[in-house]
Amino acid sequence: MIVAKKVFVFDDNRDILDLCTFILEDAGYEIKTSESANNIEEQVAAYMPDLIFMDNWLPDLGGIQATRALKSHPDLKHIPVIYFSANNDISSLADEAGADSYLSKPFDIAALEEIVKKHLS
């Protein structure tokens, strides 16, 4: 039996979460979403995804701090984090956060599927 790869999407925009869920479930992935980075380590450890999408603008902690927290956690730092944002400076934000890659918003479906495939195959 093939076990679906798991993707965790953090974004404060419900429409983005719904869109990502729709696209990625359709592509055969298991999805979990969260609108907040509160207790980021606990949220991620409880699900243990194969890939994480992290929005820049998250309430409370923010995407940069949330990504840094994951990347400094011994049990979670191996999980690739894709930073995504509508910010023009996304590549330097992703670098600052320590993310593995980034995806600009608005994104097209092909770009989303491509970056997931790249990190999960």
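Residues numbered from 1 in each chain as written. Predicted model: local features only at pLDDT ≥ 70, side-chain atom pairs only at ≥ 80, totals over all residues. Heavy atoms only, no water.

- If you check an unreviewed UniProt entry, the protein appears there as Two-component system, cell cycle response regulator DivK from Pedobacter suwonensis.

Brief notes about helix α3 (residues 63-71)
Move 1: For α3, every residue scored as buried is listed here: Gly63, Ile64, Ala66, Thr67, Ala69 and Leu70.
Move 2: Looking at the packing, one finds that the buried side of α3 touches α2 (40-47), β3 (51-55), β4 (81-85) and α4 (90-97). (Buried < 20%, exposed > 50% of the residue type's maximum accessible area, 1.4 Å probe, protein only. Helix = DSSP H or I, 4+ residues; strand = E, 2+ residues; numbered from the N terminus. Contact = heavy atoms within 4.5 Å.)

Quick word on the sheet that holds strand β5 (residues 101-104)
Move 1: Overall, parallel pairing links the five strands, which are arranged β2-β1-β3-β4-β5 in an open sheet. Sheet topology places β2 (30-34) and β5 at the edges, where each strand pairs with a single neighbour. Averaged over neighbouring strand pairs, the angle between their axes works out to 20° when direction is ignored.
Move 2: Here β4 pairs with β5 via four bridges, running parallel. Paired with tyrosine 83 across the bridge in β5 is tyrosine 102. (Pairing = 2+ DSSP bridges. Axes fitted to C-alpha atoms, helices over the stretch in contact; angles between N-to-C directions.)

Thoughts on α2
An α-helical turn contains 3.6 residues, so any two residues separated by three or four positions project in the same direction.
Move 1: Residues Ile40, Gln43, Val44 and Tyr47 constitute the buried set of α2. Angular distribution of buried residues about the axis of α2 spans 90°; they occupy a single face of the element. Away from its buried face by more than 90 degrees, α2 exposes Glu42 and Ala46.
Move 2: Elements that come into contact with the buried residues of α2 comprise β1 (6-10), β2, β3 and α3.
Move 3: Backbone geometry just after α2 places methionine 48 at a positive phi near 45°. (Arc of directions from axis to C-beta.)

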